[in-house]
Amino acid sequence: MTAVLENPATEPKAGAVPSFEVTLRIRRYNPESEHGEESTWDDFTVQVHGTDRVLDALHMIKWEQDGSLTFRRSCAHGVCGSDAMRINGRNRLACKTLLKDVNPDKPITVEPIKGLPVVKDLVVDMEPFFASYREIMPFLITSGNEPTRERLQSAEDRERFDDTTKCILCAACTSSCPVFWTDGQYFGPAAIVNAHRFIFDSRDEGATQRLEILNDKEGVWRCRTTFNCTEACPRGIEVTKAIQEVKRAMITRAF
Amino acid sequence: MQTHQYDVVIVGAGGAGMRAALEASGEARTAVISKLYPTRSHTGAAQGGMAAALANVEEDNWEWHTFDTVKGGDYLVDQDAAEILAKEAIDSVLDLEKMGLPFNRTPEGRIDQRRFGGHTREHGQAAVRRACYAADRTGHMILQTLYQNCVKQNVEFYNEFYVLDLLTDHDLTTEQIEDGAEVNATGVVAYDLASGEIHVFQAKAIIFATGGAGKIFKTTSNAHTLTGDGMALAYRRGLPLEDMEFFQFHPTGLAGLGILLSEAARGEGGILRNSDGERFMERYAPTIKDLAPRDIVARSMANEVREGRGAGPNKDYVLLDLTHLEPAHIDAKLPDITEFARTYLGIEPYTEPVPVYPTAHYAMGGVPTNIQGEVLRDSHNVVKGLYAAGEVACVSVHGSNRLGTNSLLDINVFGKRAGRSAAAYAKTAGPHRELPENPTARVEAQLAEMRDRPDGERVADVRKALQETMDANAQVFRTGDSLNEALAEIRELQKRYRNVSVQDKGKLFNTDLLEAIELGFLLDIAEVTVVAALNRKESRGGHYREDYPDRDDANYMLHTMAYRRPTSAPDAGDGHVPGYFDHVEDFGDYKVVLGSKPVIQTRYEPMERKY
Ligand SMILES: Cc1cc2nc3c(=O)[nH]c(=O)nc-3n(C[C@H](O)[C@H](O)[C@H](O)COP(=O)(O)OP(=O)(O)OC[C@H]3O[C@@H](n4cnc5c(N)ncnc54)[C@H](O)[C@@H]3O)c2cc1C
Ligand code: SF4
Ligand code: FES
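Because the structure is predicted, anything quoted here is derived from the model rather than measured. (Residues numbered from 1 in each chain as written. Chains lettered and ligands numbered in written order. Predicted model: local features only at pLDDT ≥ 70, side-chain atom pairs only at ≥ 80, totals over all residues. Heavy atoms only, no water.)

Asks: Explain the overall build of chain B here, please?
Replies: For chain B, the count of helices and strands is 16 helices and 21 strands. Taken over C-alpha atoms, the radius of gyration comes to 23 Å for chain B, in line with the 25 Å a tight globule of 611 residues would show. Oriented by its inertia axes, the alpha-carbon framework of chain B measures out at about 65 × 50 × 50 Å. Here chain B, with 611 residues, has 70% of them falling under the buried criterion. (Helix = DSSP H or I, 4+ residues; strand = E, 2+ residues; numbered from the N terminus. Rg over C-alpha atoms; globule rule 2.2 N^0.38 Å. Buried < 20%, exposed > 50% of the residue type's maximum accessible area, 1.4 Å probe, protein only.)

Asks: Explain the site of ligand 2 to me, please; I cannot follow it from the model alone.
Replies: Around ligand 2 sit 13 residues in total, of which A:Cys167, A:Cys170, A:Ala171, A:Cys173 and A:Cys233 are the nearest. Taken together, the residues that form the shell around ligand 2 break down as twelve nonpolar, no polar and one charged. (Near = heavy atom within 4 Å. Nonpolar A, V, L, I, M, F, W, Y, C, P; charged D, E, K, R; others polar.)

Asks: Honestly, the interface of chain B and chain A in this entry has me stumped. Any pointers?
Replies: In many reports, interface size means the accessible area that the parts give up when they come together. Contacts between the two partners involve 73 residues from chain B and, on the opposite side, 74 residues from chain A. Both sides together, the interface formed by chain B and chain A hides about 6400 Å², and carbon and sulfur atoms give 51% of it. The three residues of chain B that bury the most area against chain A are B:Arg40, B:Lys98 and B:Tyr344, which together make up 12% of that side's buried surface. Connecting chain B to chain A are seven salt bridges. (Contact = heavy atoms within 4.5 Å. Buried area = accessible area lost by both parts, 1.4 Å probe. Salt bridge = Lys/Arg side-chain N within 4 Å of Asp/Glu carboxyl O.)

Asks: I would appreciate a short explanation of the side chain of B:Arg137 in the present structure.
Replies: Tracing the sequence through the fold places B:Arg137 in the loop between β5 (126-132) and α4 (138-152). The exposure class assigned to B:Arg137 is buried, which follows from its relative accessible area of 4%. Here B:Arg137 is in contact with A:Asp162, A:Lys166, A:Arg235, B:Ala46, B:Gln47, B:Pro335 and B:Asp336, once residues within four sequence places are set aside.

Asks: I'm lost on unusual backbone geometry in this one. Help?
Replies: What you tend to see is this: most non-glycine residues have negative phi, and most peptide bonds are trans. Residues and elements named next belong to chain B. The omega torsion across Val-395 and Ser-396 is 5 degrees, close enough to zero to call that bond cis. Within the secondary structure, Ser-396 is located in the loop between β18 (393-394) and α11 (406-428). The backbone of Glu-122 shows a phi angle near 45 degrees, a positive value even though the residue is not glycine. Tracing the backbone through its elements, the reader meets Glu-122 in the loop between β4 (113-121) and β5.

Asks: What is the right way to read the site of ligand 1 from this model?
Replies: All names here are of chain B. Taken together, 39 residues lie near ligand 1, and Ser-41, Thr-43, Glu-391, Ser-407 and Leu-408 sit nearest. Here an oxygen atom of ligand 1 sits 3.1 Å away from a polar atom, N or O, in the main chain of Gly-15. Within the backbone of Gln-47, one N or O atom sits 3.3 Å away from a nitrogen atom of ligand 1. Bound to the protein, ligand 1 loses 98% of the 1000 Å² it would expose on its own. Mapped onto the shell around ligand 1, the elements with two or more residues apiece are α1 (15-24), β2 (30-34), β7 (161-168), β14 (354-363) and α11. Ranked by residues supplied to the shell around ligand 1, first place goes to α11 with four residues. (Polar contact = N/O pair within 3.5 Å; in protein donor to acceptor, adjacent residues only side chain to side chain. Areas by Shrake-Rupley, 256 points an atom, 1.4 Å probe, with all protein chains shown as cover.)

Asks: For this particular structure, what's the right way to read the sheet that holds strand β2 (residues 40-48) of chain A?
Replies: Strand pairs in the sheet, formed through backbone hydrogen bonds, run parallel or antiparallel to each other. Residues and elements named next belong to chain A. With mixed pairing, five strands are arranged side by side in an open sheet as β2-β1-β5-β3-β4. In the strand order of this sheet, the two ends are held by β2 and β4 (90-93), each with one partner. With strand direction ignored, the average angle separating the axes of adjacent strands in the sheet is 35 degrees. Of the pairings in the sheet, the one linking strand β3 (residues 84-87) to strand β5 (residues 108-111) comprises two bridges and is antiparallel in character. Residue pairing for β5: Ile-87 is matched across the bridge by Val-110. (Pairing = 2+ DSSP bridges. Axes fitted to C-alpha atoms, helices over the stretch in contact; angles between N-to-C directions.)

Asks: Help me out: how do you make sense of the pattern of salt bridges in this one?
Replies: Two side chains of opposite charge can pair, provided their charged atoms sit close to one another. Residues and elements named next belong to chain B. Inspection of the entire model under this criterion finds 83 salt bridges over all chains. Note that Asp-229 and Lys-35 form a salt bridge whose closest N and O atoms lie 2.9 Å from each other. In this pair, Asp-229 is assigned in helix α5 (residues 229-236) and Lys-35 in the loop between β2 and β3 (50-51), connecting sequence segments 194 residues apart. Here the two residues Asp-229 and Lys-35 agree in accessibility, since each one is buried. Of the charged contacts, one joins Glu-278 and Arg-283 as a salt bridge, the two residues approaching to 2.6 Å between their closest N and O atoms. Here Arg-283 falls in the partly exposed class, since its relative accessible area comes to 42%. Salt bridges here are not isolated pairs; linked through shared partners, they connect Asp-74, Glu-245, Asp-295, Arg-299, Arg-536, Glu-538, Arg-540, Arg-551, Asp-553 and Arg-609.

Asks: Sorry, what's going on with the environment of A:Arg72 here?
Replies: Within the secondary structure, A:Arg72 is located in the loop between α1 (54-65) and β3. A:Arg72 gets classed as buried once you look at its relative accessible area, which sits at 14%. Expressed as a C-alpha distance, the spacing of A:Arg72 and A:Leu122, which sit 50 residues apart in the sequence, is 7.7 Å. Residues in contact with A:Arg72, not counting those within four places in the same chain, are A:Ser82, A:Asp83, A:Val123, A:Val124, A:Met126, B:Tyr37, B:Glu160 and B:Phe509. Within the local environment of A:Arg72, its side chain forms a polar contact with the side chain of B:Glu160, the two groups lying 2.6 Å apart.

Asks: Quick question: what am I supposed to make of the confidence of the model for chain A here?
Replies: Atomic detail in the predicted coordinates should be set aside for any region of low pLDDT. Averaged over all residues, the pLDDT of chain A equals 92, while 93% of them reach at least 70. Contacts from residues 1-17 of chain A, a stretch scored under 50 in pLDDT, to residues over four places away or in other chains number 43 contacts. (pLDDT = per-residue confidence, 0-100.)

Asks: How do you make sense of the packing of aromatic side chains when you look at a structure like this?
Replies: For any two aromatic rings, the description comes down to two numbers: the centre-to-centre distance and the angle of the planes. Using the criterion set out here, one finds 18 aromatic pairs over all chains in the structure. Ring centres 4.8 Å apart and planes at 10 degrees place the aromatic pair A:Phe130 and B:Tyr37 in the stacked group. Pair noted here: A:Phe130 is in helix α2 (residues 127-135) and B:Tyr37 is in the loop between β2 and β3, and the two residues belong to different chains. Side by side, A:Phe130 and B:Tyr37 carry an identical accessibility label, which is buried. Every member of this aromatic cluster is reached through a ring pair, and the members are A:Phe129, A:Phe130, A:Tyr133, B:Tyr37, B:Tyr147 and B:Phe157. Directly above the ring of B:Phe477 sits B:Arg306, whose terminal nitrogen or CZ lies 3.9 Å from the centroid. (Phe/Tyr/Trp six-rings, centres within 6.5 Å; stacked < 30°, edge-to-face > 60°. Lys NZ or Arg CZ within 6 Å of the ring centre and 35° of its normal.)

Structure below.
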């Protein structure tokens, strides 16, 4: 007993095209293969539906054509941050990108995100990304005795940092940043977003330490406000604005 | 092969695993092994809230919460455990707030609370605001907050490591072990996805926190990676699985996709309607209507569809109506789930009702534990040094049907307990116990066989067939016939599984190989689920047998304990306590033996469940 939209095209407002063909042009890299350290492009054609996402097409390829195609994924609905990749030259989550929305008339190019070492096909080494995140002290810092009940926070104070709490650490922003591409030492937008989340939390007392870290030569001042990150963020976080607010805090807060 | 030694090893970095890690890592040398980066765990997908009788917005207390949990679970709940859950809920929410979790706030600045299905005041009088929440991303905030605190505490992680075997000092599948005799867990065997290397982790205490098994079904709210690994590993090593027939189908999955729309949508005022626009839940649960427990709502929806009142061109779903709510209210309280409807179905929830249908959501059953988180090897003996918490475990606080917001609570309360117990045990346990000879042999043989097998069946074909038969035959409505059909098909698929092959033969990041291994877990979990469902000839909570539509307390007020044994072993599954169930399913190569375990009842006498 399951409801399957057999033919989404007949759904009112599902906005769906019936089944259609798409070709994915995927950047492959596998040091164990005959190509060694060379990366190559492979084309795959699959039959898909209007509600299918790039992730569905990747699964079809992996499950029906080439089991060695390698990518990360878990939740399949844009909440776990596993599957950021470059789709037609833009960073997106494969599970949140409907095929019909990325011009399926031409081959859709799929590449790993840039600026992090590629491990295999669409999989990159995320460790440098997480290392920057860990460096900005991404946890609540408080002093004094803990209250017995919860700490109080007004709804307005809570709202102040709401936007940056949405981050799923997918790296779409950081790996779309031209500064990060040329200088892998730069903390990158995601780390700054997560610093923002605490700097603007009224309960937190670690702003000074975090601002000091981000005042480093690889810190916020490297941001050139190109807005790539804001465009890339699948959670709709205003990344550039968050970075600007951190910069401003650095100037206005004495430390 | 590499060998590591720790005091405590935690398998899984979701909410339960990381909550345990925060307790254990300060006390004992601890490692967390996870097949996903911690922040990718499916706890992050949880939306609606976490229950605790804080009484921040209206009168409430833990005793009402306990009662609701027991009644919600159709009285198959162990009441001592439910009482702990409800009492410790309050501290576990406050703990999270102190760790930094950004809960929504009341005008006074306290943690805000909202209504959720089955949570009531005064034993069912009216819905109560008990769910603490952070918009509709409560799970995301819990997972992030726990990870942040693990970073703060310098917890050691082994990410993208798959645990593929559990090591013990006795073979529980073949040995006859005396009542009271000591059995110890000694370590786990893991596979490093990046390198393809095998690692052995020797530990004094091991905590399983591997989450659920939703991928045995086709339509599910669960992640691709929720393949029941921990349950299957324990089961294959001879440990029982408890109450596997109870699987929760969440009423509001996006039709055709299974992506979840939280019950919070109804908590905030959303209404379910059939094709006539009728608010049909008024007929099924006159008092709390759309906020009845999930099993009741899911069955009511399926029944509307079955009786021809489904909406849409194929009349195969019902509608979740939010159009009477203020858009600003929707944006403030339900931003993510309304976004899902827009992204994936192209529906604008401000103005259009959203097509929904039940989706496989939560495993009530799992690896049996006591209230300290210790794993049981039969109805009452524990395995020393082995713990489980979260969705993989069955304590049992959810009985035959979990209430919404009680799982985020469960992972925090029992994750913390398991972490504490494991660390305390590791400190007094003496030196590490010896590992069995050649500890990796089994895993290596399994991987080599799978990798080296020449052209065979595709993993995806077998998995799809499994998921389809489970959806068709073991979902909201079940009968003896449908379950037998499912079982016959699973048996066939088990045979086909021995012939599946992978195309990727490499060592590096071979997800093709690991998907094949995960399929093996899914088959075993589906099989034991169906065998247990066949045996339970009554309807209770999430398990509804159309051929036995009534609850039968005289015969079935018992937990099911399922054991996998060689065909030659004696049939009394738990060996010493002749369980009530003498059901044995002999498959030739092995058999599934069903024993039982008493339900612990303290305050509440089973009553008829009405809402
Ligand atoms: C969409 C959705 C919404 C939900 N909303 C709510 C809600 O509002 N309120 C509520 O109370 N509950 C909710 N639930 C239920 C609740 O979120 C889950 O039951 C709970 O988060 C499970 O947590 P866990 O820690 O047990 O497992 P998970 O968070 O799933 O973590 C499992 C961990 O185990 C690891 N793992 C698995 N297998 C292996 C292996 N072989 N080797 C190594 N590591 C392994 C994974 O990497 C992962 O880290 C929801 C569930 C879903 C699916
Ligand atoms: S800010 Fe957005 S793009 Fe960047 S890591 Fe977080 S969710 Fe991803
Ligand atoms: S698979 Fe989780 S975000 Fe795409």
